[in-house]
Amino acid sequence: MTDVFTIGETMVIFQSQAIGNLEDLPQIYQKIGGAESNFATGLARLGHQVSYMSKLGNDPFGRRILKSIKSEGIDTTHLKMTESAQTGLLFKEQKFSDVMNVYYYRKDSAASHMQKEELPEDIFEGLKYLHVTGVTPALSSSCKELVFKAIELARKHEVKIVFDPNIRFKLWEKEEAFEVLNAIAVRADYILAGIEEAAFLTNQTEVREICQTLQKNAQQIIVIKRGKESTVLYEHGHYKEIPVVNVANIVDPVGAGDAFAAGFVHGLLLNCRHEESVRYGNSLGARVIQQYGDIDGLPTLEEFNEGLKGDFTSDVRR
């Protein structure tokens, strides 16, 4: 039985472990990543049953992604290969220690051809959570229709909806993003937004006003991630700040929000209090930014639980 279902695009990522201009770097490594599959990988490594819907080109990159996702134990029943389009690619450029540029090669990619008619309604029977992001509806009009169809079926089957705005302005115009993402937010049970994303969606700057504006009904749970500052949890009119996990060195910040979402939903699946779920999200986010790649720092359940104990007094484990 699947606990969580998510829909999105996975790309092959090319990046160097050196800082500098991409055109000048001698060595570039292949990895894989994408908001929804990062999230699915995080949950699968923590022992949960996750199903992932996507579409890949039947090319070397698509086959690499399929092998990787299958190896994580993620259900790929609804991950299809196609001959009619190519797998999307992404290049990361660590320009400076605190500046990361991302270049997409995903226009008209295989994933952008996903259709709402391909969505299996039976996946929602007994499902606990639907995870959606703002990336998938930005890929194409058919993907936007697919996301809203998934939300419709989730509500029909009383499945809770977890929404991570994950705004990508390189993929669509701000006006459309504002309209579509707010239409998703109003239908979501949990909204996990970065502070800049939340400010964009609400036209507010003060975090309490942001929370109040985002919350369209009293049952919605609002979480605002603020980087190095404490994470905000807003539920039933109550405002809480949960400390983040400080790390000595941020190696690669991409994927932190996806890891947070995985940690948060891990807590939900364990029936934890929302405050504890936020702590899990903070912990997982801190883990992933300490390694290169979107998913490389995602821990197994054993590693995650060890990290929560914080009982290591040395950086060498003997």
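For the structure, check the block above.
Just so it is clear, the model here is predicted, and its values are computed rather than measured. (Residues numbered from 1 in each chain as written. Predicted model: local features only at pLDDT ≥ 70, side-chain atom pairs only at ≥ 80, totals over all residues. Heavy atoms only, no water.)

*Asks:* Which parts of the structure should I look at to understand the pattern of salt bridges?
*Replies:* Oppositely charged side chains can form a pair if their charged atoms are brought close together. Counted by the stated rule, this structure contains 13 salt bridges. Taking the shortest distance from any N to any O, the salt bridge between Lys128 and Asp3 comes out at 3.6 Å. Separated by 125 residues along the polypeptide, Lys128 in the loop between strand S7 (99-105) and strand S8 (129-133) and Asp3 in the segment before strand S1 (4-7) bring together distant segments of the chain. A relative accessible area of 13% places Asp3 in the buried class. In this structure, Lys144 and Glu176 form a salt bridge, with 3.1 Å as the shortest nitrogen-oxygen distance. Here Lys144, found in helix H4 (residues 141-156), pairs with Glu176, found in helix H5 (residues 174-185); they are 32 residues apart in sequence, far enough to count as distant. For Glu176, a relative accessible area of 33% puts it in the partly exposed group. Within the structure, one salt-bridge network assembled from shared partners comprises Lys240, Arg273, Glu275 and Arg279. (Salt bridge = Lys/Arg side-chain N within 4 Å of Asp/Glu carboxyl O. Helix = DSSP H or I, 4+ residues; strand = E, 2+ residues; numbered from the N terminus. Buried < 20%, exposed > 50% of the residue type's maximum accessible area, 1.4 Å probe, protein only.)

*Asks:* Looking at this structure, I do not really get the sheet that holds strand S11 (residues 221-226). What am I missing?
*Replies:* Strand pairs in the sheet, formed through backbone hydrogen bonds, run parallel or antiparallel to each other. Within the open sheet, the nine strands sit side by side as S5-S4-S1-S8-S9-S10-S11-S12-S13. Their pairing is mixed. The open sheet is flanked by strand S5 (79-82) and strand S13 (238-242), the only strands paired with a single partner. Recorded for the sheet is a direction-independent mean angle of 15° between the axes of neighbouring strands. Pairing between strand S10 (residues 190-194) and S11: five bridges, direction parallel. Bridge pairing links Tyr190 to Ile221 in S11. Sheet strands touched by helix H1 (residues 35-45): S1, strand S4 (50-57) and S8. Its angle to S1, the strand with the most contacts, is close to 160°. (Pairing = 2+ DSSP bridges. Axes fitted to C-alpha atoms, helices over the stretch in contact; angles between N-to-C directions. Contact = heavy atoms within 4.5 Å.)

*Asks:* Any chance you could explain the sheet that holds strand S2 (residues 11-15) here in plain terms?
*Replies:* Read across the sheet, four strands follow the order S3-S2-S6-S7 without closing on themselves; strand pairing throughout is mixed. In this open sheet, the two strands that pair with only one neighbour each are strand S3 (29-33) and S7. Adjacent strand axes in the sheet meet at a mean angle of 30°, parallel and antiparallel pairs treated alike. Pairing geometry for S2 and strand S6 (residues 89-96), over three bridges, is parallel. Across the sheet, Ile13 pairs through a bridge with Leu90, a residue of S6. Running at roughly 60° to S3, helix H2 (residues 60-71) makes contact with S2, S3 and S6 of the sheet.

*Asks:* Got a minute to help me understand the pairing of S6 in this structure?
*Replies:* Across a regular strand the side chains alternate sides, sitting on one face of the sheet and then on the other. Inspection of the sheet shows S6 paired to S7 by seven bridges, in the antiparallel sense. When the bridges of S7 are listed, Lys92 appears paired with Val102.

*Asks:* What is the right way to read H1 from this model?
*Replies:* Count 3.6 residues to each turn of an α-helix, and residues three or four apart come out pointing the same way. With ten of its eleven residues buried, H1 lies for the most part within the structure. Residues Ala35, Glu36, Ser37, Asn38, Phe39, Ala40, Thr41, Gly42, Leu43 and Ala44 constitute the buried set of H1. Just past H1, the residue Gly47 takes up positive phi, approximately 95°.

*Asks:* Honestly, the pairing of S2 in this entry has me stumped. Any pointers?
*Replies:* The buried count for S2 comes to five of five residues, which makes it a mostly enclosed element. Here S2 shows no split at all, with Met11, Ile13 and Gln15 on one side and Val12 and Phe14 on the other all buried. In this structure, S2 lies alongside S3, joined through five bridges in antiparallel fashion. When the sheet's bridge partners are listed, Met11 is paired in S3 with Gly33.

*Asks:* Even after reading the chapter, I still don't get the packing of aromatic side chains, so can you show me in this structure?
*Replies:* Between two aromatic rings, the relevant description is the distance of the centres plus the angle of the planes. By the definition in use, this model includes ten aromatic pairs. Taking 5.9 Å as the distance between ring centres and 85° as the angle between the ring planes, the aromatic pair formed by Phe14 and Phe61 counts as edge-to-face. Separated by 47 residues along the polypeptide, Phe14 in strand S2 and Phe61 in helix H2 bring together distant segments of the chain. A relative accessible area of 13% means that Phe14 is categorised as buried. Through pairs of rings, three or more aromatic residues link up here, namely Phe14, Phe61, Phe91 and Tyr105. Above the ring of Tyr104, the side-chain terminus of Arg106 is found at 4.6 Å from the ring centroid. Cation over ring: Lys174 sits above Phe169, and NZ or CZ is 5.1 Å from the ring centre. (Phe/Tyr/Trp six-rings, centres within 6.5 Å; stacked < 30°, edge-to-face > 60°. Lys NZ or Arg CZ within 6 Å of the ring centre and 35° of its normal.)

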